[in-house]
Structure formats: structure tokens, C-alpha cells
Amino acid sequence: MHHEATLIATVAMGFVLAFVFGFIANRLRLPPLLGYLVAGIAVGPFTPGFVADVSLAGQLAEMGVILLMFGVGLHFSMADLMAVRWIAIPGAIGQIALATAFGAGLAMAWGWSLGAGLVFGLSLSVASTVVLLRALEDRNALEHPNGRIAVGWLIVEDLVTVVALVLLPALSELLGGRPDPHAPVGGSVLMTLAMTLLKVAAFVALAVVLGPKVVPWMLKQVARTGSRELFTLSVLAIAMGIAYGSATLFGVSFALGAFFAGVVLAESDFSHRAAANSLPLQDAFAILFFVSVGMLFDPSIVVREPLAVIAVLLIIVLGKSLAALAVVALLGYPIATALTVSASLAQIGEFSFILAALGKSTGLLPPEGLDLILAGALLSITLNPLCFSVVDVVLPRLSMIATIRNYGARRLAALQAQLNALRDRTEAREAARSLQMKNLVDLFPIFGHLDHEAREELLVLFQPRMASPGDRVIRKGDRPDAAYFISEGAVQVTVGNREIRLAPGEFFGEMALLSGERRSADVTAVDFCRFLTLDRRDFRTFLSRHPQLRAHVGELATRRAQANKADMEAVAAT
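What this report covers is the structure whose coordinates are included nearby. (Residues numbered from 1 in each chain as written. Predicted model: local features only at pLDDT ≥ 70, side-chain atom pairs only at ≥ 80, totals over all residues. Heavy atoms only, no water.)

Another aspect to go through is the sheet that holds strand β5 (residues 498-502). In a beta sheet, neighbouring strands pair by backbone hydrogen bonds and run either parallel or antiparallel. One open sheet holds the four strands; their spatial order is β2-β7-β4-β5, and the pairing between them is antiparallel. The open sheet terminates on both sides in strands that have one partner only, identified here as β2 (472-474) and β5. Each strand of the sheet is rotated relative to its neighbour by a mean of 30°, with strand direction disregarded. The pairing of β2 with strand β7 (residues 522-525) spans two bridges and is antiparallel. Residue Ile 474 lies in a different strand from β7, and its bridge partner there is Val 523. (Pairing = 2+ DSSP bridges. Helix = DSSP H or I, 4+ residues; strand = E, 2+ residues; numbered from the N terminus. Axes fitted to C-alpha atoms, helices over the stretch in contact; angles between N-to-C directions.)

So this is what it looks like as C-alpha cells:
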């Protein structure tokens, strides 16, 4: 095949087979992620038939990691985490420690090094957020307290993984792997670790201090252009740019940079729009990431090392689940919560692949370690629905025992009250935003035909202004700068000898903006006034994208111009 077509062939076959196997997995009521991994195995070097370019797939996978971590940061909710912090934080850390110990112990029993064991155990300890959310959605349990605890638990696991991705390269030499390429030449391990932490701290400080100021401002400027393509491009540029810049300037991983890019963007008013616009590309590269991971899997390990594969599967399905069950029970929560969390964690996925790939690149994890992790992922994801079915069978029987049924009920009720309060605050914010848009239409019926997205854009473009009684808002002969929409108070428009009073819900200043001529009237505030203004560029751009609104405003401006002309002619005749 020609070199120029290698990329096209790799991407095309990856997408086609991912669609086929993903669809089959969905029909079998399995997560499509499983189909994407199988697609990668099908085009990988260990199976017959077409073999995709592994090196190209690896680079596409890096982009997939960046966009995956960007999506995690974009949907990261500190409020959700804090609501379940007393169980999610200690529970997740305790479960990760136990599962890592299980995995490391198994690896060292095979004769692997301590570093390999730690990477292997850590990879087995973190569950897939994608699989978890799908399982909870299928059971309508996402908004239940048990579901919220499981999601909070996974958020903590994600954060622990981010920390591990930062520290692993710095500690690789100490653990028996390759030295960190960003480490100072001749420096000790402690110096390397200190430099890594210092760089991370500098990057985080810069992201926290400048990010919330620069990113929302930048997105607002792009939103003012009214171009959906430019807005989507700006979101991707922020994600990729911060990820690459953090790696180049601070020596931190692409994953950490992308995660913080998402966190910063999540704090802006454009987070929902950014998530919606970037979702298709996130999904596309995430699929290529899973396909590329599947390409690295050698299926023959299931035949060559069946006992090792079974041992890994037992750690994921039983070891992790029992560890989580014990931790949740010790923290005083009901058995139903413990079983739900246990079943949710009885699988591994995307973060395990990222950790394993990093462990392999640093020389810590042997090649068979990656194969075992991938085999464990494929089997555990396949068996995860069965784990939930077991919970459905066991839970009613255990609930018949009064001691078990009542255990942790008060603590769960207190958590439910906190979650209800959080939900009420969230709904109140959304209701306030909806009311703001409704009030906009009620006050200015001219915007009534606009769709939801256009009204959201208006709220972003509007600039508030105020005027006290007697203030001259517009002076005749001035160059036009904005259109004024009156939300409170009244103004007096003086045209020749005629005085016109405008009240809330009316607007002025549009005539000069449409004609490009200087102001033809004086406008003075009669009361204390509040205005919503659109500057000249925003006014013209917004009208150009909404022809119906432009026609309405143009018609009104024509009538006003004709009335003013008639009044001026009457004054001249006298």
C-alpha cells in the first residue's frame, strides 16, 4: 500500500470494524467499548488479515487520551464529589491500595520487579468510567444515592490516576525502569521527584490563576463571531494547546494538561456548549484509542497463560469487589450500597490502558503485563452485567435479615438529604437561567421567535449599562456605538420638536447602526435606567444570522425614519 494511504487505511478500517463490533456488542447488551477493543484485535499484528499501522495508531491513541482526559475534566464536578466525600475519598483510596497490593503480590509471585508489580496492581485497581455510567444508566440508578456514590468513587479513582501519571515517570528509575527524559542530568531520584512536583505545582497554579480569566474571555470573543465552526475549533485548540504546552514547557503529561484544560473550561458559562460541540470529536478519537489498545493485545496469551489470565480476572471481579464491599461496610453504609459499588468496580477500562501503556513505555511493565491487563479488561467488561445480576439476586435475600436491612440506614438517609439539597441548588440555578431567558422574551417580544441557543447567545452578548435621571444616553451627531434595549426605567427621545417616551421592553439606537449614519436624535434618561446593549459589531453580526429578526428590526427602523422625516418636514414648513 502506498505510504500516503496508510493513515487513511488505518483510520478507515478502525472506524468500520469498530462500528461493526460495537453494534454487535450493543445488540448483545454489552458495552460498545468491548466491540472497539475487538476491532483493534482484528486489525492488529497478532491476528490474520489486514494489519493496520501500529505506530500511526499509537499517535492517534495519544490524541484519544488527550480528548478523553479533557472530557473527564470538562465533566468533573467538585460539588458532586464533595457531596459523597466521606465515603468516596477514603473508600476509593482504601480500595485502590488493597487492589494494588493484590496485583503487586501476584506479579511478584511471578518473579516480576516491585515497579512492575505496582504498575500492574494500580492498572487493575481503577475501573472504567465509561462502563460504569452505561451500567448505571441501564439500571436507572445514576441519580440514586448508591449510583452517586459509585460515580464519586470513580471521580476519586480518576484523580488518583492523574497523580500516578505525573509521578510514575519521575519514579521509574527508582522502581527499576528507564530514567525520566525530563529529569535533570546527573540528578538524584529525590531531585527528579522534587522537580516534577515543582513543575506540576507551577502548571496547576498557572492554570488555576490564569485559566478562569483567559479561557472564558477567549471563548466569549469567539462566541461573538457567531461561527459554530470557530467555537468548536477554539475548544479543541484549548484542549490540545494546553496539553501540548504543559508537556513542552512544564514536562508534565499530556493527560494532566488536558484534564486541567477541561476543568478550567468547566467553570465558564460556555461549558455546556463546549461539551456538546466537542463531543463528536471526543467520541471519534476515544474509539480510535480503544482500537489502538486492542491492536497491542496478543490473544494467544489466553492459551499460553490461562492460569495467569484467570488470576487477573479474579482480582478484578472478586478481589476489588470484596475490598470495596469491606471498605463501604466499615464506613457504616448499607449492604445495598456496598454491593452496588462492588459490582460497579468489577471491571477495568480506559485508565488501566493508559497506566499500562505508560508503564510499558517507562520500561517498568513487561509486554505480557499489558496483554494480561487487556485480557482482564475484555473478560471483566463482558462479565460486568452478570455481576449486577448477582447483586439483584443476593440483595433481596440479605435484606430479609433485619440486622443487615437496617445497617447504615441513618447514614444513607443523611447522604440522601445532602444530595437532595445539592440537586435543589442545581435545579434552582437552571431554573434561574431559564427564567432569565423567559423574562428576556416576555420583556422583548421581538426575540420570541429565536430558538434556545440564540437566546443563550444573546444573554452572552448583551452588555449591561445604567443611566441616572437626566443623563444623556445618546447625543445627536454622535457616531453609533450600540443598540439599547430598556429593561428598567424610561427614556425620552428628542427628534426636532417632537419628544417620544420609551418604556421597558422598547429599544432605540438601531437606526444609525443599520444605516451607518450618525445619530439623528438625543436620548435622555427620565428615570434610573438599566439597559441591555449590543455593540455595533455584535448587533450587525447577530442580525445577519437571523434574517427574520433583521427584517422585523429593519421594518421598525424604516417606520421610525419615515416618522422622523415627516416631523422634520412639518417643522421646516412652519
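Right, let's get into the packing of helix α20 (residues 452-461) against helix α22 (residues 536-545). The description of two packed helices rests on the angle between their axes and on the distance between the axes. At a minimum axis separation of 12 Å, α20 and α22 run at an interaxial angle of 175°. In terms of orientation, α20 lies roughly antiparallel with respect to α22. Contact residues: Ala 454, Glu 457, Leu 458 and Leu 461 in α20; Asp 538, Phe 542 and Arg 545 in α22. For the contact of α20 with α22, the per-class residue count stands at four nonpolar, no polar and three charged. (Parallel < 35°, antiparallel > 145°, perpendicular 65-115°, else oblique. Contact = heavy atoms within 4.5 Å. Nonpolar A, V, L, I, M, F, W, Y, C, P; charged D, E, K, R; others polar.)

Its twelve residues give helix α2 (residues 32-43) an end-to-end C-alpha distance of 17 Å, which sits within 8% of 16 Å, the value for a rise of 1.5 Å per residue. Among the residues making up α2, those that are buried are Leu 33, Leu 34, Gly 35, Tyr 36, Leu 37, Ala 39, Gly 40, Ile 41 and Val 43. The inward-facing, buried residues of α2 abut α1 (6-27), α7 (129-138), α12 (271-295), α16 (350-361) and α17 (367-399). (Expected span 1.5 Å × (residues − 1). Buried < 20%, exposed > 50% of the residue type's maximum accessible area, 1.4 Å probe, protein only.)

The topology assignment puts Asn 146 in helix α8 (residues 145-171). Here Asn 146 falls in the buried class, since its relative accessible area comes to 8%. Of the polar contacts made by the side chain of Asn 146, one reaches the side chain of Thr 337; its length is 2.5 Å. Among residues more than four places away in sequence, those in contact with Asn 146 are Ala 336, Thr 337, Thr 340 and Leu 412. (Polar contact = N/O pair within 3.5 Å; in protein donor to acceptor, adjacent residues only side chain to side chain.)

Worth remembering: the numbers are spatial, not functional.
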